[in-house]
Amino acid sequence: MLKSVIMALPNYTMSRFRIPKGMCRDISKQMAWFWWGADENQRKIHWTNWNALTEVKGKGGLGFRDLEMFNTALLAKQLWRIIVMPNRLVSRVMRAKYMKRESDWMKHAPTSASYLWKSLLSARFLLKNGIRKQVGDGSTIKVWQDRWIPVSRDGRMEHDRPALGSIQYVKDLIKQGQWDKELINQVFSRETAQMIVRIPLSMYQRRDRIIWHHSKNGEYTVRSGYTLAKEMEAQATKTMQLKEKTSSHNRKESMWKKLWGTNVKHKLKHFMWKCLHNCLPVNDLVHGRTGMGNNICKSCGEGIETIEHLFFDCEYAKRIWKISPINWDGLIDLQACFWRWWEGILEASQRVNGKEHIELTINLLWQIWKARNQIVFNNAKGEEISVVRKAQQEWIEFKEAVELESRAGIVEATPNQYDRRWKPPMEGVNKINTDAAISTQSIRTGKGIVARNWKGEVLKAWAIMEEKLGEPEIEEAAAIRAAMQLGKAAGWRRIEVQSDCKNVIDCILTVSCNNSNCAVILEDIQKLREFFEQCNFSFIHREGNEVCHRLAKFALKLVNDVYWESCFPGWIKDLARIDYESNELLL
């Protein structure tokens, strides 16, 4: 309710104006009271601070929004639209009044500006840190000042500008539509040169554009902006410091992700979250915070009731564990610290039925806690066997409900065996198969392209080698683009391009892009598509694309590209014949 209702109410206002900090604190205070069960007449203990609740789930929080940061992320969305969508009416009005130059959004708002514009510019620091320039023709990107290196730490050049040099813009590094590798290797270090040549270039001199570095498709989203704002705040207040990079920090993040991904009820996940944050209201914690009552365990009357005592040292809990169907005796040494014990539990997820054991363990812990509450508040002590049976029953019922729901959402489909075997095209259509290979050792990429007709006869083959460490999706898309260039140069009017990279094929068919680094190549593919009377794209499994797979591996060993048109190596013809004959056997 907090996330879907209360936090959604101020969204419209916060996406246009900067909300005062005092108002954000007041709203947060009301949400915190609601979460911990307080009201106007009765205040209850807040067992952990609000900052812990607003941390993302993967880092130990509950995902509640920090309203100031969320306000910034929403304002940045509006500013992003004004920058990248200049033809919208609101963009034209704002640009005419406040943005005489493209870079004016990076400056402080003038004192005479409206509160709306001042609010939008208050989020400019967020956009500055997340914006990158994507290379088109390179005419507007300054080599040494702009953020345009995708894999660089902050997008800029990581070494000083040479004392002498005429290179000002990225276009100076491009020659005939390709990177000028000779010049790049002379000016930059080997590492920087490798980062530059990995950036794909367009065939059609498209304009440079602005992209958002923190989302895969290059579009700004409020979620990614909020995450970046939280990280920047943490770095500014030095709460993350160097511990970010330690293995301990990574283990904690992994542990939280595993907890939220566990197949149990949401209330049980929140219960475990309280246990791991040591904010479960056991007697020792209540007595320490309020000074009321005593800290002795009422289940056994012998020890101080901490979380560890409640679940492991209490005689009542020991009897429950003894008759339960799962055994964690190997973790007895870790029971002095619930956190360390739970880490040990999660390591068992890889063993046979490990996930089911963890789910049942969570249900047992929950039932032990409920049995303890019956003793404390109702003075009713249940039998140990009933606690175990209740845990098993709830676990089985929830598991069956989830399985039933998942089965209802599955649409029965007959597998198509042609998806795994090469199938000849229709008569008059030439099919071009592609594949790409990457060698991290030799820092090379290879592409294999084979064109065949409806009879399965090889028409053309092309092995392409480049000295760079490419990215799989980019290289697969580049192989498809090269295949279309081959078809265009041959004068073919009807073609079908087939690849074993499903993600790229899906992007082409839906005319969308979920990887901003591929956007340049995908736009070229759509442009090349216009040159053909018929141009189809399809996906094929690796086992049906063996010819191109072998050819791409072969290309990694080449010094120069190799192109075959009439005379082909025997192994290419043999593999092509096997593809055709295996299809004939199925018919």
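Refer to the structure printed above.
Asker: Before we go on, may I ask you to explain the overall build of the protein chain in this structure?
Answerer: Scanning the protein chain from N- to C-terminus turns up 24 helices and 10 strands. Across the 587 residues in the protein chain, those meeting the buried criterion constitute 46%. In the protein chain, 67% of the contacts between residues at least 6 apart in sequence involve partners at least 24 apart. Working note: accessible area of the protein chain is about 31500 Å², and carbon and sulfur atoms make up 51% of it. Looking at the protein chain, you have 90 positive and 68 negative side-chain charges, and the mean spots of the two groups are 6 Å apart.

Asker: Sorry, what's going on with a nonpolar patch on the surface here?
Answerer: Residues M203, Y204 and F531 make up a contiguous nonpolar surface patch of about 230 Å² in total accessible area. With respect to the helices, strands and loops of the structure, F531 is situated in the loop between α22 (519–529) and β9 (534–539).

Asker: What exactly am I supposed to notice about the pattern of salt bridges here?
Answerer: For side chains bearing opposite charge, pairing can occur when the charged atoms are close. Under the criterion given, the structure shown has 28 salt bridges. Between R101 and D104 there is a salt bridge; the shortest N-O distance is 3.6 Å. D104 gets classed as buried once you look at its relative accessible area, which sits at 11%. One salt bridge in this structure joins K399 and E356, with 3.9 Å as the shortest N-O distance. Here E356 lies in helix α18 (residues 354–378) and K399 lies in helix α19 (residues 384–408), a separation of 43 residues in the sequence.

Asker: Help me understand helix α16 (residues 315–323) in this model?
Answerer: Note on helix geometry: an α-helix contains 3.6 residues per turn, so any two residues three or four positions apart are oriented the same way. Listed as buried for α16 are Y316, A317, I320 and W321. Looking straight down α16, one finds that the buried residues subtend no more than 135° of arc, so they occupy a single side.

Asker: Help me understand unusual backbone geometry in this model?
Answerer: Among all residues save glycine, negative phi is the norm, and among peptide bonds the norm is trans. Positive phi, close to 55°, is recorded for Q176, a residue that is not glycine. With respect to the helices and strands, Q176 occurs in the loop between β2 (174–175) and β3 (178–179). Of note in the backbone geometry, N278 takes a positive phi value of approximately 55° without being a glycine. Locating N278 in the fold gives a position in the loop between α13 (266–276) and α14 (283–290).

Asker: When you look at the sheet that holds strand β10 (residues 562–564) in this model, what are you seeing that I'm missing?
Answerer: Picture the strands of a sheet paired through backbone hydrogen bonds; they go either parallel or antiparallel. With respect to topology, six strands assemble into an open sheet ordered β9-β8-β5-β6-β7-β10, the strand pairing being mixed. Whereas interior strands pair on both sides, the edge strands pair on one side only; in this sheet they are β9 and β10. Across the sheet, the axes of successive neighbouring strands diverge by a mean angle of 15°, strand direction being ignored. Strands in contact with helix α23 (residues 546–555) are β5 (430–439), β6 (444–452), β7 (458–466) and β10; relative to β6, the strand with the most contacts, it is inclined by about 140°.

Asker: So what exactly am I meant to see when it comes to the packing of aromatic side chains here?
Answerer: How two aromatic rings sit relative to each other is set out by the distance from centre to centre and by the angle between their planes. Overall, the coordinates contain 21 aromatic pairs when judged by the stated rule. Arranged with centres 5.9 Å apart and planes meeting at 40°, the rings of F311 and F338 form a pair that is tilted. In this pair, F311 sits in helix α15 (residues 307–313) while F338 sits in helix α17 (residues 338–346), placing the two residues 27 residues apart along the sequence. Residue classification places F311 among the buried positions, given a relative accessible area of 0%. Classification of F338 by relative accessible area gives buried; the value is 2%. An angle of 55° between the planes, with centres 5.7 Å apart, marks the rings of F554 and W571 as tilted. Taken together, the residues span a long stretch of sequence, with F554 in helix α23 and W571 in helix α24 (residues 570–586) at a distance of 17 residues. The exposure class of F554 is partly exposed, given its relative accessible area of 30%. The class of W571 is partly exposed, set by a relative accessible area of 26%. Joined through ring pairs, the aromatic side chains of F271, F311, F312, W321, F338, W341 and W366 make up one cluster. Over the aromatic face of F70 sits the side chain of R65, whose NZ or CZ is 4.2 Å from the ring centroid.

Reading the values: the criteria
Residues numbered from 1 in each chain as written. Predicted model: local features only at pLDDT ≥ 70, side-chain atom pairs only at ≥ 80, totals over all residues. Heavy atoms only, no water. Helix = DSSP H or I, 4+ residues; strand = E, 2+ residues; numbered from the N terminus. Buried < 20%, exposed > 50% of the residue type's maximum accessible area, 1.4 Å probe, protein only. Contact = heavy atoms within 4.5 Å. Areas by Shrake-Rupley, 256 points an atom, 1.4 Å probe, with all protein chains shown as cover. Lys, Arg positive; Asp, Glu negative; His and termini not counted. Charge placed at Lys NZ, Arg CZ, Asp CG, Glu CD. Patch = residues over 30% accessible without salt bridge, like charges linked within 9 Å, V, L, I, M, F, W, Y side chains within 5 Å. Salt bridge = Lys/Arg side-chain N within 4 Å of Asp/Glu carboxyl O. Arc of directions from axis to C-beta. Pairing = 2+ DSSP bridges. Axes fitted to C-alpha atoms, helices over the stretch in contact; angles between N-to-C directions. Phe/Tyr/Trp six-rings, centres within 6.5 Å; stacked < 30°, edge-to-face > 60°. Lys NZ or Arg CZ within 6 Å of the ring centre and 35° of its normal.

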